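These are the residues of each chain, in order.
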Amino acid sequence: MRIAVGGFQHETNTFAPTKADYAAFAQSDSWPALQRGPALLTAFADMNVPITGFLDAAKADSQTLLPLVWCSATPSAPVTDDAFERVMGMMLEDLAAALSTGLDGVYLDLHGAMVTETYEDGEGEILARVRRMIGSDIPLVASLDLHANVSQRMVDEADALIAYRTYPHVDMRDTGVRAHAHLTGLLSGLPRQAKAFRKLDYIIPLTAQCTLIEPARHIYAHVAHLDGKMLGNGEVSVTSFATGFPPVDISMNGPSVFAYADTQSAADEAAGELADMVTACEPRFVERLWSARDAVAHAIATSSDAGGPVVLADTQDNPGAGGNGDTVGILREMLLQDAPLAALGVLYDPQAASMAAEAGEGASITLSLGAKTGGADEAPIEETFEVAKVGSGNFLATGPFYGGSHMSLGTTVLLRKGGVHVVVSSRKAQCADQEMFRHVGIEPSRLRVLVVKSSVHFRADFGPIAREVLVVESPGPNVADLTRLPFRHLRKGLRITPLGPAFEG
Ligand SMILES: [Zn+2]
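Note that this is a predicted model, so its numbers are computed, not measured.

## Structural notes on the domain arrangement of the protein
Here comes step 1: For the protein, the domain assignment lists domain 1 (1–190), domain 2 (192–288 + 481–505) and domain 3 (290–480).
Here comes step 2: Using C-alpha coordinates to define each centre, domain 1 is positioned 22 Å away from domain 2.
Here comes step 3: The interface of domain 1 with domain 2 comprises 37 residues on the first partner and 37 residues on the second.
Here comes step 4: Here domain 1 meets domain 2 over a buried area of about 3,000 Å², counting both sides, of which 58% is carbon and sulfur.
Here comes step 5: Considering only the surface of domain 1 that becomes buried against domain 2, Phe15, Asn149 and Arg165 emerge as the three largest contributors, covering 25% of it.
Here comes step 6: The salt bridge partner of Arg192 is Asp159, with a shortest N-O separation of 2.7 Å.
Here comes step 7: On inspection of domain 1 and its partner domain 2, the count reaches 20 residue pairs in polar contact (both at pLDDT 80 or more).
Here comes step 8: Across the side of domain 1 that touches domain 2, the residue classes break down as 19 nonpolar, ten polar and eight charged.

As structure tokens, this is what we get:
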């Protein structure tokens with residue numbers, strides 16, 4: 001069997017300050033740089049990325065792999081038309097070459113929440129262009145992030161869409177394996193699958209979507225339970241619940257369920273069961289948000305030198321959701337309240353990192369720290385810090401989320417004032433791996449107050465050492481209280497938060 005494989009990943013926050021240009025896709029970050037040609041087949045070895053799982057499974061089955069292009073960029077404002085058209089140009093050029101040598105199926109590693117300057121449904125456009133080239137007979141299967149804002153067009157253009165089932169996303173690789181099994185099934189006799197798709201009526205805040213906690217935990221248990229289930233006289237092949245990516249001002253914002261089965265009635269029934277379950281869970285998706293002041297005070301008051309840190313999620317500045325990773329609201333509170341055994345990571349400030357590295361370990365340096373990119377309305381912190389450690393920013397991630405990824409954060413330094421430590425990097429990255437602290441000499445489990453620029457992914461690696469987790473509302477573009485976002489293009493009637501106000505248009 002001859003299968004073309006590629007990917008084009010972006011999670012777009014239409015309220016974020018910086019667009020994703022071609023350079024953002026070409027360079028490496030926490031994931032590899034743009035890959036094309038034979039290098040694509042080996043670039044993802046041992047990583048927790050969907051295409052890794054797909055490639056491993058295909059190689060184990062001795063299938064012939066025809067590489068297209070694969071690239072990703074850190075979440076941000078929409079993808080520029082230039083970047084979208086250049087990447088799609090490569091993908092379709094490679095696909096045409098694959099078609100000319102004979103092609104049985106196509107797998108794409110997509111996110112599902114891409115918005116471009118021109119297209120609000122980025123993946124719908126990607127899938128439609130690929131479909132137009134391959135025709136209706138060649139199966140096209142795509143894996144999606146759990147945060148996909150799925151459209152009817154995406155469902156129509158793909159033979160199957162298969163989303164992650166965990167947040168933190170510890171099953172990205174496994175999702176690639178499941179996509180491979182489904183595509184291989186379609187190529188070896190599984191009847192063409194009926195599809196069912198349902199959009200839900202309320203947006204779920206990111207921090208409430210975590211699958212380690214209820215109610216998402218039991219919904220995903222039911223998603224897994226439906227695999228291979230007979231409903232009436234039809235067998236369900238695969239179902240997904242995509243919780244959606246909220247900070248996006250488009251009509252297709254919001255959670256969805258999609259199901260595939262031998263018969264239309266089985267697909268409808270599976271999607272209906274899941275949709276009913278998500279609808280019934282609406283009150284349980286409501287979540288408390290802390291102010292920076294209260295959260296830092298609570299962490300200091302309730303922690304001790306043993307028993308692990310109180311972990312504060314700086315969700316609004318999460319670089320995994322369009323933040324620039326450089327706001328200082330919580331850091332200011334840590335300094336004001338003189339937090340003991342406290343650390344924050346990862347603060348993006350290449351200028352400060354470079355100045356501190358130049359000054360050298362042990363130096364005392366007065367800096368204007370953070371808040372330089374304009375992602376939030378606040379001023380940098382003017383303060384004198386000790387340069388406690390200077391690191392290269394290159395290290396291997398070991399936690400369940402990033403595990404196996406070779407991080408390249410550029411010059412990374414540890415600054416210290418009293419008990420407050422700040423990890424400052426030269427590239428943006430969501431703080432979801434303990435190595436991000438260990439790289440500059442901090443052991444997270446020994447801290448009392450630990451602040452991470454992340455919404456949920458940190459829970460995979462930091463959850464086990466956390467005494468308690470607080471979700472904090474501090475400046476940043478990934479607005480946690482969604483009713484504060486100036487939405488204008490949602491579909492009428494969609495509730496902006498669970499049990500919250502409906503969008504009126
Ligand atoms: Zn995601």
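## Concerning the layout of surface pockets
Here comes step 1: Roughly 250 Å³ of volume is contained in the largest pocket.
Here comes step 2: Forming the boundary of the largest pocket are 14 residues, of which Ala24, Gln27, Asp29, Thr74 and Lys428 lie nearest the centre.
Here comes step 3: Here the residues of the lining of the largest pocket sort into five nonpolar, five polar and four charged.
Here comes step 4: Of the residues that make up the lining of the largest pocket, three or more belong to each of domain 1 (1–190) and domain 3 (290–480).
Here comes step 5: Empty space within the second largest pocket amounts to approximately 200 Å³.
Here comes step 6: Lining the second largest pocket are 14 residues, and of these Ala181, His182, Val236, Ser237 and Val238 lie nearest its centre.
Here comes step 7: For the lining of the second largest pocket, the secondary structure elements donating two or more residues are helix H6 (172–187) and strand E11 (234–242).
Here comes step 8: Per element, the largest residue contribution to the lining of the second largest pocket is four residues, and it comes from E11.
Here comes step 9: Of the residues assigned to the lining of the second largest pocket, the class counts are five nonpolar, four polar and five charged.

## Details of the nonpolar core
Here comes step 1: Counting residues in hydrophobic clusters, the biggest one holds 135 residues, and the most contacted among them are Phe8, Val106, Leu108, Val150 and Leu161.
Here comes step 2: In terms of residue count, the dominant contributor to this core is helix H3 (residues 81–100) (nine residues).
Here comes step 3: The contacts of Leu108, once residues within four sequence positions are left out, are Gly6, Gly7, Leu68, Met91, Ile126, Leu127, Val130, Leu140, Val141, Ala142 and Ser143.
Here comes step 4: Formed by 36 residues, the second largest nonpolar core is a distinct cluster that contains Ala299, Ile330, Val387 and Val420.

## Things to note about empty space enclosed by the protein
Any empty space left between the atoms is revealed when a probe the size of a water molecule rolls over them.
Here comes step 1: Here the structure, examined in full by the defined rule, presents two cavities of 30 Å³ or more.
Here comes step 2: Empty space within the largest cavity amounts to approximately 450 Å³.
Here comes step 3: Two domains each provide a minimum of three residues to the lining of the largest cavity, namely domain 1 (1–190) and domain 3 (290–480).
Here comes step 4: By volume, the second largest cavity is sized at about 60 Å³.
Here comes step 5: Along its surface, the second largest cavity is lined by Pro205, Leu206, Thr207, Pro246, Pro247, Thr315, Asn478, Val479, Ala480 and Leu482.
Here comes step 6: For the lining of the second largest cavity, the per-class residue count stands at seven nonpolar, three polar and no charged.
Here comes step 7: When residues of the lining of the second largest cavity are sorted by domain, at least three fall in each of domain 2 (192–288 + 481–505) and domain 3 (290–480).

## Regarding the coordination of the zinc ion
Here comes step 1: For the zinc ion, the full set of protein donor atoms is Asp145 (OD), Asp145 (OD), His147 (ND1) and His169 (NE2), at a range of 2.1 to 2.7 Å.
Here comes step 2: Around the zinc ion, the four donor atoms are arranged such that angles at the metal cover 52 to 143°; this shape is classified as irregular.
Here comes step 3: Residue Asp145 is classed as buried on the basis of its relative accessible area, which comes to 5%.
Here comes step 4: Residue classification places His147 among the buried positions, given a relative accessible area of 2%.

## What to know about the sheet that holds strand E16 (residues 364–369)
Here comes step 1: With respect to topology, nine strands assemble into an open sheet ordered E13-E23-E14-E22-E15-E21-E20-E17-E16, the strand pairing being mixed. One side of each edge strand has no neighbouring strand; the edge strands of this open sheet are strand E13 (290–291) and E16.
Here comes step 2: Here E13 runs beside strand E23 (residues 468–473); their pairing, made up of two bridges, is parallel. When the bridges of E23 are listed, Trp290 appears paired with Val472.
Here comes step 3: Lying over the sheet, helix H11 (residues 350–359) contacts strand E15 (342–348), E16, strand E17 (381–391), strand E20 (412–417) and strand E21 (420–425), oriented at roughly 175° with respect to E16.

What counts as what
- Residues numbered from 1 in each chain as written.
- Predicted model: local features only at pLDDT ≥ 70, side-chain atom pairs only at ≥ 80, totals over all residues.
- Heavy atoms only, no water.
- Domains from an automatic or database assignment.
- Contact = heavy atoms within 4.5 Å.
- Buried area = accessible area lost by both parts, 1.4 Å probe.
- Salt bridge = Lys/Arg side-chain N within 4 Å of Asp/Glu carboxyl O.
- Polar contact = N/O pair within 3.5 Å; in protein donor to acceptor, adjacent residues only side chain to side chain.
- Nonpolar A, V, L, I, M, F, W, Y, C, P; charged D, E, K, R; others polar.
- 1 Å grid on protein atoms, 1.4 Å probe; cavity = no way out; pocket = protein on both sides within 12 Å on 5 of 7 lines; lining within 4 Å.
- Points joined across faces, edges and corners; volume = space filled by probe spheres on them.
- Helix = DSSP H or I, 4+ residues; strand = E, 2+ residues; numbered from the N terminus.
- Core = buried A, V, L, I, M, F, W, Y, C linked by side-chain atoms within 4.5 Å.
- Buried < 20%, exposed > 50% of the residue type's maximum accessible area, 1.4 Å probe, protein only.
- Donors = N, O, S within 2.8 Å, 3.2 Å for Na, K, Ca; no water.
- Tetrahedral: all angles 85-135°; square planar, octahedral: opposite > 155°, others 65-115°.
- Pairing = 2+ DSSP bridges.
- Axes fitted to C-alpha atoms, helices over the stretch in contact; angles between N-to-C directions.

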